[in-house]
Amino acid sequence: MSEHESPKGTTGRTTTGEKAAPEPGKAAPKKASPEKAATKRAATKTAPTASSGATGAKKTASGKKAAASQKTATSKKAAATKTAASKTAASKTAASKTTASKTTASKTAATKTAAKKGTASKRGAAGKKATAAKQAAGTRPESQESKAKRAARINDALAEVYYYAHPELDFENPFELLVATVLSAQTTDLRVNQTTPALFAAYPTPEDMAAANPEELEELIRPTGFFRSKAKSLLGLSAALRDDFGGEVPGTVEELVKLPGVGRKTAFVVMGNAFGLPGLTVDTHFGRLVRRWKLTEQTDAVKVEQEIDDLLPESEWTMFSHRTIFHGRRICHSRKPACGACPIAELCPSYGEGETDPEKAKKLLKYEMGGQPGQRLKPPADYPGQPAPPLPSRAAPEGGSGAAR
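Note that this is a predicted model, so its numbers are computed, not measured.

Visitor: Quick question: what am I supposed to make of the UniProt feature "binding site: [4Fe-4S] cluster" (unreviewed entry) in the protein here?
Guide: The sites that carry the UniProt feature "binding site: [4Fe-4S] cluster" (unreviewed entry) are, in the present numbering, Cys332, Cys339, Cys342 and Cys348. These residues run over 17 residues, yet every pair of their C-alpha atoms falls within 10.7 Å of each other. Within the fold, cysteine 332 resides in the loop between helix H12 (317–330) and helix H13 (358–362). Sequence-distant contacts of cysteine 332, that is, excluding residues within four places in its chain, are made with Arg288, Leu289, Arg292, His327 and Pro337. Within the secondary structure, cysteine 339 sits in the loop between H12 and H13.

Structure representation (structure tokens):
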């Protein structure tokens, strides 16, 4: 070890760094222990530091609190401003929507009102009454008495409109009416009327027709369609009239339906119009209309006949048939009835199934109602329309018979 080095573990210093020794006879002043000095210095330093630290902490806390308060206030103010702006925008949007809705509603209401007024004016009083009748009918079962009253009212109304109603087949005797009615199946009365002049000129009696050449007979009735089966029926019923009834047409339903090609409809046509015996003619027009008028729901011709028989007096059966068939052919058509031009619309519970616009409905009218020729070449004297034109090659020669057999 060097002489200038202090032993390990000592705190020795060099002589240059040491203080002078005390004079002899004087006591050495007491030195504070290093621990106490260090504590005192530490306390001295710590006190002001703690104080200033506390003060700084307080200042910092106050600053933070103030900053937080200011920030919160600013945030609240901004939020309030934003909320107010949102509310204002929402209010404006709601107001705009409300205004738009009201405007649209007003326009829609105005359009509907105009449409209703237009429809009402077009429909007229008859349409309103018809609608009321339809609503009144409802879905409740109608009593027989109520149906009978309605049937009577419809019949009376039709009698005023079709005062000239008649069978729309040309004929001069029961035999001609019987033959014409058989030919009318699956074709129009107009086509039958254009065909029968030449036919009756060639075969004026049952005896003449029974002896006809089948091919010549078929050729004469070809325009009516199904001419082969119809020729067979005409030959058979003519022979039956000749052989069983002395050449005369019988006047009962039971006897008529025994003839070839003759059913109940044909029998009632002949009885009602050739013999003046009352009966209902239930053809497609008749069945369709009485169902539309809710007088029956039946589709079978015999059942329809029975139910309508019970609603009207027997004396009206034949003419009610004519009037109903007239109405079905001219106005109340199968596919597109002319409701807007119907003179009895106020009595019809099915009003509205067809065209209700008066001008459009008027264009659907047929025959004399539409200003066109009727179906008969020789109509009754009171017929208000024009006679139908004959087929150019089928006009009967003057003076009766003349066609080759």
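There is more to say after this.
Visitor: Teacher, can you tell me more about the environment of proline 174 here?
Guide: With respect to the secondary-structure elements, proline 174 resides in helix H3 (residues 174–183). Proline 174 sits in the partly exposed class, given a relative accessible area of 26%. Through-space distance from the C-alpha of proline 174 to that of glutamate 248 is 8.4 Å; in sequence the pair is 74 residues apart. Among all residues touching proline 174, those that are not within four sequence positions of it are Val249, Ala274 and Phe275.

Visitor: Can you walk me through the packing of aromatic side chains in this structure?
Guide: In this description, a pair of aromatic rings is defined by centroid distance and the angle of the planes. Tallied over the full model, the rule gives 7 aromatic pairs. An angle of 65° between the planes, with centres 5.9 Å apart, marks the rings of tyrosine 162 and phenylalanine 326 as edge-to-face. In this pair, tyrosine 162 sits in the loop between helix H2 (144–161) and H3 while phenylalanine 326 sits in helix H12, placing the two residues 164 residues apart along the sequence. The exposure class assigned to phenylalanine 326 is buried, which follows from its relative accessible area of 1%. On the basis of an interplanar angle of 50° and a centroid distance of 6.4 Å, the ring pair of tryptophan 293 and phenylalanine 320 is categorised as tilted. Taken together, the positions of tryptophan 293 in the loop between helix H10 (284–292) and helix H11 (301–309) and phenylalanine 320 in helix H12 put the pair 27 residues apart, joining distant regions of the chain. Exposure class is identical for tryptophan 293 and phenylalanine 320. Each is buried. By way of ring pairs, the aromatic residues Tyr162, Tyr163, Tyr164, Phe326 and Tyr383 are connected into one cluster. If you follow arginine 222 out to its NZ or CZ, it ends over the ring of phenylalanine 227, 4.3 Å from the centre. Its end group placed over the ring of phenylalanine 326, arginine 330 keeps NZ or CZ at 3.9 Å from the ring centre.

Visitor: So what exactly am I meant to see when it comes to the packing of helix H4 (residues 189–202) against helix H6 (residues 214–221) here?
Guide: Geometry of a packed helix pair, given as the angle between the helix axes and the separation of the axes. Contact geometry of H4 with H6 gives a least axis separation of 9 Å together with a crossing angle of 155°. The angle between H4 and H6 places the two elements in the roughly antiparallel class. Where H4 approaches H6, its residues Thr195, Ala198, Leu199 and Ala202 are matched on the opposing element by Leu217, Leu220 and Ile221. Tallied by class, the residues present in the contact of H4 with H6 amount to 6 nonpolar, 1 polar and no charged.

Visitor: Teacher, can you tell me more about the pattern of salt bridges here?
Guide: Pairs can form between side chains of opposite charge once their charged atoms are near each other. Tallied over the entire structure, the rule returns 13 salt bridges. Linking arginine 330 and glutamate 168 is a salt bridge whose minimum nitrogen-to-oxygen distance equals 2.6 Å. Taken together, the residues arginine 330 in helix H12 and glutamate 168 in the loop between H2 and H3 connect sequence positions 162 residues apart. One exposure class covers both arginine 330 and glutamate 168, and it is buried. Residue lysine 378 pairs with glutamate 172 through a salt bridge whose shortest N-O separation is 3.6 Å. On the criterion of sequence distance, the pair formed by lysine 378 in the segment after H13 and glutamate 172 in the loop between H2 and H3 is long-range, its members being 206 residues apart. Side by side, lysine 378 and glutamate 172 carry an identical accessibility label, which is exposed. In this structure, a network of salt bridges that share partners links the residues Glu168, Asp189, Arg329, Arg330 and Glu368.

Visitor: Sorry, what's going on with the packing of H3 against helix H9 (residues 264–274) here?
Guide: Across the interface, H3 lies against H9 with an axial gap of 10 Å and an inter-helix angle of 150°. One way to sum up the angle between H3 and H9 is to call them roughly antiparallel. In this structure, H3 meets H9 at a crossing whose hand is right-handed. Along its contact with H3, which presents Pro174, Leu177, Leu178, Thr181 and Val182, the element H9 presents Thr266, Val269, Val270, Asn273 and Ala274.

Visitor: Would you explain helix H7 (residues 227–244) in this entry?
Guide: Within an α-helix, residues lying three or four positions from one another point in the same direction, as the helix has 3.6 residues per turn. With 18 residues, H7 extends 25 Å between its outermost C-alpha atoms, agreeing within 8% with the 26 Å of an ideal straight helix rising 1.5 Å per residue. Along H7, the residues that are buried comprise Phe227, Lys230, Ala231, Ser233, Leu234, Leu235, Leu237, Ser238, Ala239, Ala240 and Leu241. Contacts made by the buried residues of H7 are with H3, helix H5 (206–210) and H6. With its phi angle positive at about 65°, glycine 246 sits one or two positions after the end of H7.

Conventions used here
Residues numbered from 1 in each chain as written. Predicted model: local features only at pLDDT ≥ 70, side-chain atom pairs only at ≥ 80, totals over all residues. Heavy atoms only, no water. UniProt positions renumbered as here; feature names shortened; annotations may be inferred. Helix = DSSP H or I, 4+ residues; strand = E, 2+ residues; numbered from the N terminus. Contact = heavy atoms within 4.5 Å. Buried < 20%, exposed > 50% of the residue type's maximum accessible area, 1.4 Å probe, protein only. Phe/Tyr/Trp six-rings, centres within 6.5 Å; stacked < 30°, edge-to-face > 60°. Lys NZ or Arg CZ within 6 Å of the ring centre and 35° of its normal. Axes fitted to C-alpha atoms, helices over the stretch in contact; angles between N-to-C directions. Parallel < 35°, antiparallel > 145°, perpendicular 65-115°, else oblique. Nonpolar A, V, L, I, M, F, W, Y, C, P; charged D, E, K, R; others polar. Salt bridge = Lys/Arg side-chain N within 4 Å of Asp/Glu carboxyl O. Left-handed = near helix turned anticlockwise from the far one by under 90°. Expected span 1.5 Å × (residues − 1).

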